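These are the residues of each chain, in order.
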Amino acid sequence: MSQPAAVPIEAGVVDVLRNVSRRPIDPAPEHDLVADLGFDSLQVLEVIAELEDRFDISIPLNDVPSTRTVAQIVAQVTRLAAEQSTSPSKS
Amino acid sequence: MPTLRTLPEALAEAARAGDGYYFLADGHETFRSYADVRGAACRFARALVESGLRRGDLVGLVLNDAEAFLTALMGASMAGVVPASMHPPAAVGDLTRFVDLTAGILRSSAARAVVTERALLPHFDAVRAACPALSLVLAREDLDAPASDPPSHPSLDDIALVQFTSGSTSAPKGVVLTHRNLAANIEAINGPAGLGLAQGDVGVSWLPLNHDMGLVGMALTPVYASLTGVLMPPAMFVKRPVEWLRAITRFRGTISFAPHFAYDLCLRRVKDRDLEGLDLSRWRAAGCGAEPIYPPTFAAFAARFAAVGFRDTSFFPCYGLAEHVLAATLPVRDRLPRIDTAAVLAPSGSSTEDRAPLPRAAREVAGIPLVGCGRALPGHEVRIVDEADRPLPDRCVGEIALKGPSVMMGYYNRDTLTAETIRDGWLHTGDLGYLSDGELFVSGRAKDVIIVNGRKHHPQDLEWAVGDLAGVRRGRVAAFGIDEPGRPDRVVVVVEPSGTVRADDLVAGIRRRVGDVFGLYVDEVAIVPSGTVGRTTSGKVQRSATKARYVQGDFSAATVEG
């Protein structure tokens, strides 16, 4: 299941990044949120909140500093979506 | 005026009264009575003494967790040492760079010890080598002696706190506050001419504790008033601004302060469906300070949240700065903020066009509505002076100067800077404004400060942070902010290149570095020819001159990346 899910997750992540950004951006997997896409620390947290809503996951704040590129975000969301959809606390 | 108390005395009294802090985190909350907090502070104090620290030693506190930080701050006073509050690493950040900045402060202040979190300890190994006076790097988690009475009792004139406002390498500015300073400011804020705190008042805050408004305004005021304080991590608010309003609802919050940008963030990010269940009707003092206040944001906030009980008379715009503990002026309660759009006069009889503050101020004032920030605190004075320190009459713009028991003792180990800043007992703020019937209107900010999202950034910190990047000519960087009413400053970095680094890579490198260290986006990087970023004879970057040329459009569009 995890392989086919990767494509919609990536598209969803890109959509969230576009919505949060103040300027037109064209995110690619290797792009760094701060250096390449121009997000400040406030917007990085806004991205986290929007991802949580869209994918019905919970992203621990401790994980945020290690997540820098679009590809890393996609991988993290993919992992959390798989973990948390099987956990009994999430419906 | 009430009797002034030291922080440990205020805490002991609050401990007897029975209230405490609620510490909120994602998904849970912890109540700590002030008796619990005092107990933890006493144990920390005892452990500090046992670790070999002596009276007057400077101890850096680099702690993210609110409970760990507050008990350490209070315990430091009980141990007789001088606590210095320093920025923990940003949520998004490059730890190596953070450690460099921290080492700069610890070294120049000759700190004897630093207390941090166990998880950050490995990063401090490298710091020791750079800081000869630093003999101890301690984990907060390990500093917990058995139950103890306070090892010592500070006096009102002992130092309660050093707050570092600038992390610049060579010359950090640490604001030194005594217990008398703290108590004088807090009692004025809490008292009848300020918030008029009474039984039933509850403070709610998401503000960082290494900032004067978060620490003094929201975390210490409840202790001195023996009232409940609710504290949440800043990241929790920034991630979901509605969590701030939910906490006010749930804890029946009456007092909550935040910079302008927080009200703006609520307008943009609180969704209509989130309004359900909110009740802001008890929020009687919605404080605002720390960055320029833009009236239209208030009006929009009041309109949006009126449906859930918010009253526009709750806005409580203030003026203050860390060098004055926190507050310098406070408005009248339960009144609509005073807005002033009238022209501002130059002093009568003034014939000199080039009197420094006036032309600049007049330009900044033109057309921009200003919000009244209230009157001087009881027992304190505010006046407006010209560049020769002569007091100016009402409605004349000049520098804001403050006098009274809240004026800091000085900058830590910076006697010359202190003497330049406090003259004849008057603290010279560098901010511009005018008085009208005793009410202060702030029209311009301290020179050079860049304000983004309530946080003040010093250009020299940004310049230093990018100064060693490949492709940057050493010492030829100027950073500054372009202010736009109601918006964060635009951050501009002007740089002379060196070597053969591609322009794209240089721009990306600068953005990445500033983002890593400060969580800040650089709106524009201007790459300019050699010799453009001038230096004074003493070697300082000519920032104002560079900014003036940028504003005039001297740097051609081809070299500006944005």
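For clarity, every value in this text was computed on a predicted model and none was experimentally measured. (Residues numbered from 1 in each chain as written. Chains lettered and ligands numbered in written order. Predicted model: local features only at pLDDT ≥ 70, side-chain atom pairs only at ≥ 80, totals over all residues.)

Draft legend 1. Looking closely at the overall build of chain B. Within chain B, the regular secondary structure consists of 16 helices and 30 strands. Relative to the globule expectation of 24 Å for 562 residues, the C-alpha radius of gyration of chain B, 23 Å, shows essentially globular dimensions. Taken along its principal axes, the extent of the C-alpha atoms in chain B is 65 × 55 × 55 Å. Among the 562 residues that make up chain B, the fraction classed as buried is 55%. A separation threshold of at least 6 residues defines the contact pool for chain B, and within that pool the share at least 24 residues apart is 72%. (Helix = DSSP H or I, 4+ residues; strand = E, 2+ residues; numbered from the N terminus. Rg over C-alpha atoms; globule rule 2.2 N^0.38 Å. Buried ≥ 20, exposed ≤ 12 C-beta atoms within 10 Å, placed from the backbone. Contact = placed C-beta atoms within 7 Å.)

Draft legend 2. Here's a closer look at the sheet that holds strand β18 (residues 375–376) of chain B. Residue and element names in this part refer to chain B. On the basis of which strands lie adjacent, the open sheet formed by three strands has the order β14-β15-β18 and antiparallel pairing. Every other strand in the sheet has two partners, leaving β14 (319–320) and β18 as the edge strands with one partner each. Across two bridges, β14 lies against strand β15 (residues 327–330) in antiparallel orientation. Following the sheet pairing, Gly320 is matched in β15 by Ala327. (Pairing = 2+ DSSP bridges.)

Draft legend 3. A look at the nonpolar core. All names here are of chain B. Counting 209 residues, the largest nonpolar core has Val59 and Val493 as its most contacted members. Element by element, the count of residues in this core is highest for helix α3 (residues 66–79), at 10 residues. Once residues within four sequence positions are removed from consideration, Val493 is found in contact with Leu462, Val466, Val477, Ala479, Ile510, Val522 and Val525. (Core = buried A, V, L, I, M, F, W, Y, C linked by C-beta atoms within 7 Å.)

Draft legend 4. Up close: the confidence of the model for chain B. Residues and elements named next belong to chain B. Averaged over every residue, the pLDDT of chain B is 88; residues scoring 70 or more account for 92%. Counting contacts from residues 346–365, a segment whose pLDDT is below 50, to residues more than four positions away or on other chains yields 30 contacts. Both scores are given for the predicted complex: the pTM is 0.87, the ipTM 0.81. (pLDDT = per-residue confidence, 0-100.)

Draft legend 5. Seen up close, the interface of chain A and chain B. On the chain B side, the residues contacting the 17 residues of chain A number 19 residues. Of the residues contributing to the side of chain A that touches chain B, the split by class is 11 nonpolar, two polar and four charged. (Nonpolar A, V, L, I, M, F, W, Y, C, P; charged D, E, K, R; others polar.)

Draft legend 6. Molecular detail of helix α7 (residues 212–225) of chain B. Residues and elements named next belong to chain B. At Ala219, α7 shows its maximal bend, which comes to roughly 25°, and the proline Pro222 appears one to four places after that position. In terms of burial, α7 is a largely internal element, 14 of the 14 residues being buried. Directly beyond the C-terminal end of α7, a positive phi value near 50° is found at Ser226. (Bend = angle between axes of the 7 residues up to and from the residue.)

Draft legend 7. Quick peek at the environment of B:Gly372. Residue and element names in this part refer to chain B. Its place among the elements puts Gly372 in the loop between β17 (370–371) and β18. With 246 residues separating them in the primary sequence, Gly372 and Ala126 have C-alpha atoms 48 Å apart. With sequence-adjacent residues up to four places away left out, Gly372 is seen in contact with Pro331, Pro337, Arg338, Asp340, Glu439 and Phe441.

Draft legend 8. Region of the structure containing the environment of A:Pro60. All names here are of chain A. By secondary structure assignment, the location of Pro60 is in the loop between α2 (41–55) and α3 (70–86). Taking the number of C-beta atoms within 10 Å as the measure of exposure, Pro60 has 9 and is therefore exposed. Pro60 sits 12 residues away from Ile48 along the chain, and the two C-alpha atoms are 9.3 Å apart.

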